[in-house]
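Letter by letter, the chains look like this.
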Amino acid sequence: MADKKVRYLKSIEIDTKAERYCRFRKKGFKYIDYKDPDFLLMLCNPQGKILPRRLTGTSLKYQRKASQAIKKARHLALMPYVADNLN
Amino acid sequence: MNRYETVFIMTPVLSADQVTETVEKYRAFIIANGGKTVHEDAWGLRKLAYPIQKKSTGFYHLIEWEAEGSAVLPFETEFRRDERILRFLTTAMEKHHIAYAESRRDKSNRKAEPKQEAEVVVEMPAKEASTPEEKA
């Protein structure tokens, strides 16, 4: 398999000195709304896929909530399952 | 009693009367099952992110309601049988969700409030006679 790359949970510290933080924890979010597709788009790539927390820095607790919210939004056709150019 | 939030999408084919009639049906269903509606929000005609049943738009409606958990299943069965409904989603609301929904409602109320407050102030002098009695 050509796909057998090693994946790190944290980005490797080469040229990346920027502090990683969880945006939900920092801003004191308690609940992530599935009815707000514009906000949830920030956690998706241009194809509408959910970004991994290794890229966004979200903590596990909130990544779980965010992914559930995105999936609910998709069910209600507020967000696409597949897209071409989102962001 | 638990609190639930249901969002459903109706076909864009319906007229405005049919939309209110459909919503009324579900409102009545909740009350008939011993529950009550807490809040309602009609989002109106919205574009869907992807076509459902070959429709690209739909009337969105949100109902926040309270009832026993046993009412959820018949409520959803009602949606499944209804041809006018494209999609629905019922969510059980936990405490953070309720707090979020209420704070959001307060915000939208506050925008409309200043006019209401002005009216209340005008009414106050006439009601002064009755208020001391209420306090006592």
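Data block above holds the structure.
Because the structure is a prediction, the values reported are computed rather than measured. (Residues numbered from 1 in each chain as written. Chains lettered and ligands numbered in written order. Predicted model: local features only at pLDDT ≥ 70, side-chain atom pairs only at ≥ 80, totals over all residues.)

Helices and strands together make up the secondary structure of chain B, namely 4 helices and 4 strands. Mapped in sequence order, the helices and strands of chain B form the string β-α-β-β-α-β-α-α. Looking at chain B residue by residue over its 136 residues, the buried ones come to 15%. Sequence separation of at least 24 residues holds for 76% of the intrachain contacts in chain B that already meet a minimum separation of 6. (Helix = DSSP H or I, 4+ residues; strand = E, 2+ residues; numbered from the N terminus. Buried ≥ 20, exposed ≤ 12 C-beta atoms within 10 Å, placed from the backbone. Contact = placed C-beta atoms within 7 Å.)

Turning our attention to the environment of Leu9 of chain A. All names here are of chain A. The residue Leu9 is located in the segment before helix H1 (23–27) in this model. With 8 C-beta atoms counted inside 10 Å, the residue Leu9 sits in the exposed group. Between the C-alpha atoms of Leu9 and Asn45, which are 36 residues apart in sequence, the distance is 18 Å.

Contacts between chain B and chain A engage 12 residues on the former and 11 residues on the latter. When residues of the side of chain B that touches chain A are traced back to their parent elements, those giving at least two are strand E1 (2–10), strand E2 (36–52), strand E4 (85–92) and helix H3 (95–127) of chain B.

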